[in-house]
Amino acid sequence: RRNYFMDTKYWIAQAIIVVAYILLGIGLRKKNRMEILAFSCIYQALMVIQFTLLGGVMGIIASIIALLRNALFIYNEKKSKANPKWILAVFGVIAIVLTIIFYKSPVDILPCVLTLVGIYSYWASSTKVTRVGNIVISMCYIIYAIPFKSWFSIICEGYLIINTIIGYCKFESKKKSE
């Protein structure tokens, strides 16, 4: 049985988690979709490191897929190109196949679910859909973090849900009144 509280890698991972979530929280308060995607890329890169330190293979896979997805979406939007629907299928199939290959326990399904939700919510080109999708993603991450005893992830996901709701109320409610 692993003693997480005496493990240096565990504490480094927890510090990375706090930084990652602060940055993503800032990003989700942004009005511009490109800024949200950019902050999300930084967050996902930090999450890859964090999951590597904690041994969360499915978390690593989900974060790499999200990082690649967001980078592709930023690239396409900078080129004024729409993100084609086939991208949804490609990233979705990759997530499902890798989940099947690396599956060890029922909790391993959650990174696949959050990846699928993220693929659609970030593809949709709607900050409203992105924000709502992030709430679902956060709930999956909260449950996924429990077996790793990543209490900072759980706390930070709560912070992220609050920031997402603030961003939603601040910008999406203004869109309705305009």
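Residues numbered from 1 in each chain as written. Predicted model: local features only at pLDDT ≥ 70, side-chain atom pairs only at ≥ 80, totals over all residues. Heavy atoms only, no water.

Colleague: Looking at this structure, I do not really get the packing of aromatic side chains. What am I missing?
Modeller: Aromatic ring pairs are reported here in terms of the distance separating the ring centres and the angle at which the planes meet. Tallying each qualifying case throughout the model produces 7 aromatic pairs. Note on Y10 and W11: the rings are 5.1 Å apart at their centroids and 85° apart in plane angle, and the pair reads as edge-to-face. Its relative accessible area of 0% is what places Y10 among the buried residues. With a relative accessible area of 38%, W11 lands in the partly exposed category. When the centroid spacing of 5.8 Å and the interplanar angle of 45° are considered together, the rings of Y120 and W123 count as tilted. Here W123 and Y120 lie together in helix α5 (residues 109–123), a separation of 3 residues that amounts to about one turn. (Phe/Tyr/Trp six-rings, centres within 6.5 Å; stacked < 30°, edge-to-face > 60°. Buried < 20%, exposed > 50% of the residue type's maximum accessible area, 1.4 Å probe, protein only. Helix = DSSP H or I, 4+ residues; strand = E, 2+ residues; numbered from the N terminus.)

Colleague: Before we go on, may I ask you to explain the side chain of N163 in this structure?
Modeller: Along the chain, the position of N163 falls in helix α7 (residues 151–177). Given a relative accessible area of 2%, N163 falls into the buried group. The contacts of N163, once residues within four sequence positions are left out, are G25, L28 and R29. (Contact = heavy atoms within 4.5 Å.)

Colleague: When you look at empty space enclosed by the protein in this model, what are you seeing that I'm missing?
Modeller: Which parts of space are left empty comes out when a probe the size of a water molecule is rolled across the atoms. Throughout the structure, instances matching the rule amount to 3 cavities of 30 Å³ or more. As for the largest cavity, its lining consists of 17 residues, and the residues nearest its centre are Y43, Q44, N134, I137 and Y141. When residues of the lining of the largest cavity are traced back to their parent elements, those giving at least two are α2 (33–54), α3 (57–78), α5, α6 (127–145) and α7. Counted by class, the lining of the largest cavity contains 9 nonpolar, 6 polar and 2 charged residues. The calculated volume of the second largest cavity comes to roughly 60 Å³. Lining the second largest cavity we find Y21, M47, Q50, F51, L54, Y141, Y144, A145, F148, S150 and S153. Of the residues assigned to the lining of the second largest cavity, the class counts are 8 nonpolar, 3 polar and no charged. (1 Å grid on protein atoms, 1.4 Å probe; cavity = no way out; pocket = protein on both sides within 12 Å on 5 of 7 lines; lining within 4 Å. Points joined across faces, edges and corners; volume = space filled by probe spheres on them. Nonpolar A, V, L, I, M, F, W, Y, C, P; charged D, E, K, R; others polar.)

Colleague: Explain α6 to me, please; I cannot follow it from the model alone.
Modeller: For an α-helix, 3.6 residues make a turn, and residues three or four places apart therefore share a direction. Helix length check: α6 (19 residues) gives 26 Å between terminal C-alpha atoms against 27 Å at 1.5 Å per residue, within 8%. Where α6 is concerned, the buried positions are T127, T130, R131, G133, N134, I137, S138, C140, Y141, Y144 and A145. (Expected span 1.5 Å × (residues − 1).)

Colleague: Hey, could you run me through a nonpolar patch on the surface in this one?
Modeller: A contiguous nonpolar surface patch, about 410 Å² in accessible area, is contributed by V57, V93, V97, I101 and F102. As for its placement among the helices and strands, I101 is situated in helix α4 (residues 85–102). For I101, a relative accessible area of 56% puts it in the exposed group. (Patch = residues over 30% accessible without salt bridge, like charges linked within 9 Å, V, L, I, M, F, W, Y side chains within 5 Å. Areas by Shrake-Rupley, 256 points an atom, 1.4 Å probe, with all protein chains shown as cover. Salt bridge = Lys/Arg side-chain N within 4 Å of Asp/Glu carboxyl O.)

Colleague: How should the environment of T127 be read in this particular structure?
Modeller: Positionally, T127 belongs in helix α6. On a C-alpha basis, the gap between T127 and M34 in space is 9.9 Å, while along the polypeptide they are 93 residues apart.

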